[in-house]
Amino acid sequence: MLSLSMKGTCSVSRKDKFLRKCISCGDFHPKNELIKITKNTNGEIVLNPGNDFVGRSVYICKNLACIENSFKKNRIQKNIRANVTLELNEIIRTVLV
């Protein structure tokens, strides 16, 4: 279970240590149920299902509503601090199919 410590950081129990939060709906899901988008050290935006890259990352649920909402409200762009193109939206949609 998740608990909030006195310093304001979220501590996760050992059983649930791979939970991540969707930037669109705010729900916590296991890491393998989410799409990871990373801005790597070169500034490139990479769709990263294998967790091979290090950098600023966001997680989105694998459903169309969350993907559309994250692009509509520019949540990906705000969180990874980079310009996001519509091409990325199309790439993510192909992952769902």
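Now for a look at the structure at hand. (Residues numbered from 1 in each chain as written. Predicted model: local features only at pLDDT ≥ 70, side-chain atom pairs only at ≥ 80, totals over all residues. Heavy atoms only, no water.)

1. Re the nonpolar core
Counting residues in hydrophobic clusters, the biggest one holds 18 residues, and the most contacted among them are I37, I60, F71, I76 and I92. Contributions of two or more residues to this core are made by β5 (34–40), β7 (55–61), α1 (64–72), α2 (75–80) and α3 (86–96). Beyond its immediate chain neighbours, meaning those up to four positions away, F71 contacts I76, V84, T85, L88, N89 and I92. (Core = buried A, V, L, I, M, F, W, Y, C linked by side-chain atoms within 4.5 Å. Buried < 20%, exposed > 50% of the residue type's maximum accessible area, 1.4 Å probe, protein only. Helix = DSSP H or I, 4+ residues; strand = E, 2+ residues; numbered from the N terminus. Contact = heavy atoms within 4.5 Å.)

2. Brief notes about unusual backbone geometry
Residue N74 is not a glycine yet carries a positive backbone phi of 55°. Relative to the helices and strands, N74 is located in the loop between α1 and α2.

3. Some thoughts on α3
Every buried residue of α3 is accounted for by L88, N89 and I92. Axial view of α3: buried residues confined to an arc of 105°, hence all on one face. Among the exposed residues of α3, those pointing more than 90 degrees away from its buried face are L86, E87 and T94. (Arc of directions from axis to C-beta.)

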